[in-house]
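Here's the letter readout for the chains.
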Amino acid sequence: MTFDHKAVPLLAVEDLGVEFRTRSGTVRALDGIGFELRRGETLALVGESGSGKSVTAHAIMGILDAAAHVNSGRIVFGGLDLLTVAETEMAEIRGRELAIIFQNPRTALNPIRPVGKQIADILVRHGTVTAVCWRKSVSPTPSAAPSPTRSSFLAACASGS
Ligand SMILES: Nc1ncnc2c1ncn2[C@@H]1O[C@H](COP(=O)(O)OP(=O)(O)OP(=O)(O)O)[C@@H](O)[C@H]1O
Ligand SMILES: [Mg+2]
């Protein structure tokens, strides 16, 4: 008998509950959320504004607001319960195995840091490219135009050649 990877969920969110403590009381943002996602599948969460789509994504990524409290459930990814793994392990998973495209890129990027640096942060963090490679690849030049030479240099850096 062969092991069927497609039969096992890559991501399973079970009975997830998240609340926020605010000055005017507790906001129950998520209550009993559950879904499964298998390798190769795409899942869209659809709901009205404020229904909890972003909070669900932030909970999976482990980047909930400091005022948030997970009051129930599990988020199992690749057999690991992301709600119980150490932050060092989560930092390895985040950006390598799990990624997020934020809803509003204007506020997701820090306006006082160069964009290239912010894009490279994740690559340098996971050792995909070295800081030196990044500097040679995306650091500003007199011409701000995209450069195929620099792009191919970054690709070579990333592949370790
Ligand atoms: N930091 C916070 N403090 C208090 N309540 C919050 C906080 N962040 C989110 N919420 C509340 O959690 C609920 C879910 O918000 P969320 O941003 O996940 O909605 P959404 O489905 O992504 O909406 P949209 O479609 O507008 O992006 C909302 O009631 C929101 O007010
Ligand atoms: Mg949202």
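A short tour of the structure in this document, coming up. If you're wondering where the values come from, they're calculated on a predicted model, not measured in any experiment.

### Points about the site of ligand 1
Around ligand 1, the surrounding shell holds 15 residues, and the nearest of these are Phe20, Ala29, Ser49, Ser54 and Val55. Elements with a minimum of two residues in the shell around ligand 1: β1 (9-22), β2 (25-38) and α1 (53-61). With three residues, the top contributor of residues to the shell around ligand 1 is α1. Taken together, the residues that form the shell around ligand 1 break down as five nonpolar, eight polar and two charged.

### A short note on α1
Residues of α1 that are buried include every one of Val55, Thr56, Ala59 and Ile60, and no others. Buried residues of α1 fall within an arc of 140° about the axis and therefore sit on the same side. Buried-residue contacts for α1 involve β1, β2 and β3 (68-77). Within two residues after α1, Gly62 carries a phi angle of roughly 70°, on the positive side.

### Observations concerning the pairing of β2
When β1 meets β2, the two strands line up antiparallel, connected through ten bridges. In the strand pairing of β2, Leu11 is matched with Leu37. Here β1 folds back onto β2, and the loop between the two strands holds two residues.

### Focus on the sheet that holds β2
Within a sheet, each strand pairs with its neighbour through backbone hydrogen bonds, oriented either parallel or antiparallel. As summarised here, the arrangement of the four strands in space is β2-β1-β3-β4, forming an open sheet in which the pairing is antiparallel. The two strands at the open ends of the sheet, each matched to only one other strand, are β2 and β4 (80-81). One ladder, built from two bridges, connects β3 with β4; its direction is antiparallel. Each residue of the ladder has a partner; that of Val76, found in β4, is Asp81.

### A closer look at the nonpolar core
The nonpolar side chains of a soluble globular protein tend to be buried with one another. Core analysis: the largest hydrophobic core is formed by eleven residues, namely Val13, Leu16, Val18, Ala29, Leu30, Ile33, Val55, Ala59, Ile60, Ile75 and Leu82. Those elements that provide at least two residues to this core are β1, β2 and α1. Look past the residues within four positions of Ile75 in its chain and what remains in contact with it is Val13, Leu16, Ala59, Ile60, Asp81, Leu82 and Leu83.

Rules of the game
- For every chain, the first residue of its written sequence is number 1, and the numbers climb from 1 along that sequence.
- The lettering of chains begins at A and the numbering of ligands begins at 1, in the order of writing.
- A pLDDT threshold of at least 70 governs which residues receive local features in this predicted model, and a stricter bar of 80 or more applies before side-chain atom pairs are shown or counted, although totals over entire chains, interfaces and linings include all residues.
- As a rule, any residue with its backbone-derived C-beta atom within 6 Å of a molecule or strand is reported as near that molecule or strand.
- Secondary structure is summarised from DSSP: a helix means a run of H or I of at least four residues, a strand means a run of E of at least two, and numbering begins at the N terminus for each.
- Note on residue categories: nonpolar means Ala, Val, Leu, Ile, Met, Phe, Trp, Tyr, Cys or Pro, charged means Asp, Glu, Lys or Arg, and polar means any other residue, Gly included.
- Burial is judged by counting the other C-beta atoms within 10 Å of a residue's own C-beta: 20 or more makes it buried, 12 or fewer makes it exposed, and any count in between marks it as partly exposed, with every C-beta position built from the backbone.
- Think of it as the arc spanned by the lines of direction from the helix axis to the C-beta atoms.
- We call two residues in contact whenever the C-beta atoms placed from their backbones are within 7 Å.
- In this analysis, strands are considered paired if DSSP registers two or more bridges between them.
- In this usage, the nonpolar core is the set of buried Ala, Val, Leu, Ile, Met, Phe, Trp, Tyr and Cys residues whose C-beta atoms join them within 7 Å.

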